[in-house]
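A structural walkthrough
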Amino acid sequence: MAETVIVRECKYGEVRVLFGNILRVEGDVLVTTANNRLAGREGLDEKIHQLAGEELRQFCHGIAVERRKENMQPCGVGEAVTTPGFNLPFKNLIHVVGPDCRRPNQDNFRRDLLKKSYASMFEQIEAIDERTTLVMPPVSMDIFAYPHREGARRTMEIVLAWMDEGEDPGTDMVLIVTDDNQFLNNMKTVENIKGELVVVSRSGELIVNDTNGRERERYKLPYGALITIGKKVEVEAGQVVAT
């Protein structure tokens, strides 16, 4: 099971952030964070391949063979490919290759590569007929070591924009599932186009400490509140820090 932590109503549906085991969450389409070989040998991707069974390995091998005939990687960074789910309780499985931030040549361009990866994922989703509920982990946030704070916010910004802007993607529910507390904490705010932090959690709090680090005040922040200061910034009595 997984616990719902954040809920965001969007123009075309709902985005939820869940804390728990992604393999116990139900939906129509599952996303896995793949490597460029589609080998399923690391992290969550390895677990998904094991559950899907030998047929998935053979199917991915077939993709790799055909791509290599054209001197291409099975699935390059920033790309995505769809396969059947085989033994998984999902009809379709989307393999997304995000930037591997353990590699300097990808880490230096991680923001653009992450955006490209999500764009490729969205393109694959929109080509699937049965896509009402999408279940996905945050891309590149597993073993690929994308910086948590930046990655959490970019994930929310990109997914929310997909569900709020442009044409209807045909997906009513996006479930972003993580079992990482650090990632979850960083996901509770996103930046708007003005650079302001917007609270997207229904259980946000703002804490004011004195110069010795002792807590002096604590305020509940409602969903949608704007935070006008950063962390560990000195404030004065009477100063407005959230609206």
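Shown above is the structure to which this text applies.
Computed from a predicted model, the values in this text were never measured in an experiment.

**Some thoughts on a negative patch on the surface**
- A contiguous patch of negative charge, built from Glu 123, Glu 126, Glu 167, Asp 168 and Asp 172, is present on the exposed surface.
- Structurally, Glu 167 can be placed in the loop between helix H5 (148–164) and strand S7 (173–178).
- According to the relative accessible area criterion, Glu 167 is exposed, its value standing at 73%.

**A word on the nonpolar core**
- One finds Ile 94, Tyr 118, Met 121, Leu 134, Met 136 and Val 174 to be the most contacted residues of the largest nonpolar core, which totals 30 residues.
- Secondary-structure elements contributing two or more residues to this core are strand S1 (2–9), strand S2 (14–20), strand S3 (29–33), strand S5 (92–96), helix H4 (110–126), strand S6 (133–136), H5 and S7.
- Looking at this core, the element that brings in the most residues is H5, giving six residues.
- Apart from the residues lying within four places of it in its own chain, the contact partners of Met 121 are Val 31, Ala 80, Ile 94, Val 96, Leu 134 and Met 136.
- Core analysis: the next-biggest nonpolar cluster, separate from the first, contains 21 residues, Leu 44, Ile 48, Val 97 and Leu 175 among them.

**Observations regarding the environment of Thr 33**
- Take Thr 33: it is sitting in strand S3.
- Note: C-alpha distance between Thr 33 and Gly 43 (ten residues apart in sequence) is 8.7 Å.
- Each residue touching Thr 33, except ones within four places of it in the same chain, is listed here: Asp 45, Val 96, Pro 137, Pro 138, Val 139 and Ser 140.

**A few points about the sheet that holds S2**
- Across the sheet, seven strands lie side by side as S1-S2-S7-S6-S3-S5-S4; this open sheet has mixed pairing. Of all the strands in the sheet, the pair left with one neighbour each is S1 and strand S4 (80–84). The mean inter-strand angle of the sheet, taken between neighbouring strand axes irrespective of direction, is 20°.
- When S3 meets S6, the two strands line up parallel, connected through two bridges. Within S6, the position partnered with Val 29 by the bridge is Leu 134.
- Contacts from helix H2 (residues 54–68) reach S4 and S5, with the element oriented near 140° to S4.

Quick notes on the rules
- Counting of residues starts from 1 at the beginning of each chain's written sequence and follows it residue by residue.
- Whole-chain, interface and lining totals are the exception, using all residues; otherwise, since this is a predicted model, local features are given only for residues with pLDDT of at least 70 and side-chain atom pairs are given and counted only at 80 or more.
- Based on all heavy atoms of the structure, the side-chain values leave hydrogens and waters out of the count.
- Here a patch means residues that are over 30% exposed by relative accessible area and free of salt bridges, tied together within 9 Å if like-charged and within 5 Å if nonpolar (Val, Leu, Ile, Met, Phe, Trp, Tyr).
- Working definition of accessibility: Shrake-Rupley area with a 1.4 Å probe, residue cover restricted to the visible protein chains.
- By definition here, a salt bridge exists when the distance from a side-chain nitrogen of Lys or Arg to a carboxyl oxygen of Asp or Glu is within 4 Å.
- The positive count covers Lys and Arg only, the negative count covers Asp and Glu only, and His and the chain ends enter neither.
- A single reference atom marks each charge: NZ on Lys, CZ on Arg, CG on Asp, CD on Glu.
- For the purposes of this entry, the term helix denotes a DSSP run of H or I that reaches at least four residues, the term strand denotes a run of E that reaches at least two, and both are numbered from the N terminus.
- Exposed residues in this analysis have more than 50% of their type's maximum accessible area, buried residues have under 20%, and partly exposed residues fall in between, with area computed by a 1.4 Å probe over protein chains only.
- Grouping buried Ala, Val, Leu, Ile, Met, Phe, Trp, Tyr and Cys residues that are joined through side-chain atoms within 4.5 Å yields what is termed a nonpolar core.
- Throughout, a contact is declared for two residues whenever any of their heavy atoms are within 4.5 Å.
- What makes two strands pair is DSSP finding at least two bridges between them.
- Only the contacting stretch of a helix is used when fitting its axis, a line to C-alpha atoms as for every element, and angles between N-to-C directions run 0 to 180 degrees.

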